[in-house]
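# Coordinates in review
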Amino acid sequence: MISEAVENYLKMIYELQNETGKVSTNALAEKLGVAPASVTGMLKKLAEERPRLVNYERHHGVSLTPAGQKIALEVIRHHRLIELYLQQALGYSWDQVDAEAEKLEHVISEDFEDRIDALLGQPEFDPHGDPIPTKGLQLARPDHPRLSELAAGQSGRVSRVRDDDPALLRYLAELGIIPDATLTVAGKAPFGDTLSVRVGAESDSPSHTLGRPVTDQVFVEIQGK
């Protein structure tokens, strides 16, 4: 049996690995909220498992083995299916589902996972636009730019929003910046990385001034690509 702590480590390594490549001990410690020494001890343990779950070399970071990645993707599948179930079946808002799914992702059975999947119609994305791994643990990762990377005049469809900050999710929902919304960069300040963003497909749709701490969290599929 794989413990909840081990599953959390493997899931976080997977997420960081896909963002930055090989993962450092300090980065993992910061994300998990534990001391670097504790992370080092756990990584040594995971590297000694049979089958080995991570490749770890002191001062050179950590990466998942195929066995470790399989476990990570299973936990991510549980998490994202639960998020969508909470939203669609139980009426949770998109800023509430992540915390609840964190509690439940480790305890549901494969049968329960399959029933949620069937009930929701084999969904491909969670409430934040993150892709849900398939039953065979295949995960598509669309390469869409952050909103902050768009030039003035460019338009696109919101494909994904990072779910780290519930307050930010509530703010974005108030502005209508949710998955599938159409955004247009109406203007870009020459200094300060501030964007004027029009929300909606119409030319008279409302515009909002957004700073980089916000626009870096929104990913957009550029129209015409």
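Residues numbered from 1 in each chain as written. Predicted model: local features only at pLDDT ≥ 70, side-chain atom pairs only at ≥ 80, totals over all residues. Heavy atoms only, no water.

With that settled, the discussion passes to the domain arrangement of the protein. Structurally, the protein comprises domain 1 (4–64), domain 2 (75–141) and domain 3 (147–222). Look at where the C-alpha atoms of domain 2 and domain 3 centre, and you get two points 25 Å apart. Each partner contributes residues to the interface: domain 2 has eight residues there, and domain 3 has twelve residues. Both faces combined, the contact of domain 2 with domain 3 buries some 810 Å², and carbon together with sulfur accounts for 56% of it. Among the residues of domain 2 in contact with domain 3, Trp94, Asp95 and His128 are the three that bury the most area, contributing 68% of the side total. Our enumeration of links across domain 2 and domain 3 arrives at two salt bridges. A salt bridge links Asp95 to Arg170; the shortest N-O distance between them is 3.1 Å. (Domains from an automatic or database assignment. Contact = heavy atoms within 4.5 Å. Buried area = accessible area lost by both parts, 1.4 Å probe. Salt bridge = Lys/Arg side-chain N within 4 Å of Asp/Glu carboxyl O.)

Now for the sheet that holds strand S7 (residues 218–222). One open sheet accounts for five strands, arranged S6-S5-S4-S3-S7; its pairing is antiparallel. Looking at strand neighbours, the two that pair on one side only are strand S6 (207–210) and S7, the edges of this open sheet. Each strand of the sheet is rotated relative to its neighbour by a mean of 45°, with strand direction disregarded. Where strand S3 (residues 155–161) lies against S7, five bridges are found, and the strand directions are antiparallel. In the sheet register, Arg160 faces S7, and the bridge partner there is Phe219. (Pairing = 2+ DSSP bridges. Helix = DSSP H or I, 4+ residues; strand = E, 2+ residues; numbered from the N terminus. Axes fitted to C-alpha atoms, helices over the stretch in contact; angles between N-to-C directions.)

As a further point, take helix H2 (residues 25–32). Every buried residue belonging to H2 is among Thr25, Leu28 and Ala29, and all of these are buried. Down the axis of H2, the smallest arc covering the buried residues is 100°, so these residues share one side. Turned more than 90 degrees away from the buried face of H2, the exposed residues are Asn26 and Glu30. In the core, the buried residues of H2 are packed alongside helix H1 (4–20), helix H3 (36–48) and strand S1 (54–56). (Buried < 20%, exposed > 50% of the residue type's maximum accessible area, 1.4 Å probe, protein only. Arc of directions from axis to C-beta.)

The next thing to look at is the pattern of salt bridges. Within the structure shown, the criterion is met by 17 salt bridges. The shortest N-O distance in the salt bridge between Asp114 and Lys135 comes to 2.8 Å. Of this pair, Asp114 sits in helix H6 (residues 110–119) while Lys135 sits in the loop between H6 and S3; the two residues are 21 residues apart in sequence, bridging distant segments of the chain. For Asp114, a relative accessible area of 33% translates into the label partly exposed. On the basis of relative accessibility, which here comes to 44%, the residue Lys135 falls in the partly exposed class. A salt bridge links Arg162 to Asp164; the shortest N-O distance between them is 3.0 Å. Three or more residues are tied together by salt bridges with common partners; here these are Arg77, Glu110, Glu113, Asp114, Asp117 and Lys135.

Moving on, we come to the nonpolar core. Leu10, Ile13, Leu28, Leu46 and Val54 are the most contacted members of the largest nonpolar core, which has 26 residues in total. Going through the elements one at a time, H1, H2, H3, S1, strand S2 (62–64) and helix H4 (66–90) are the ones with two or more residues in this core. No other element matches the seven residues that H1 contributes to this core. In terms of domain composition, this core takes at least three residues from each of domain 1 (4–64) and domain 2 (75–141). In this view, Ile13 contacts Val23, Leu28, Leu43, Val54, Val62 and Leu64; residues no more than four positions away in its chain are not counted. (Core = buried A, V, L, I, M, F, W, Y, C linked by side-chain atoms within 4.5 Å.)

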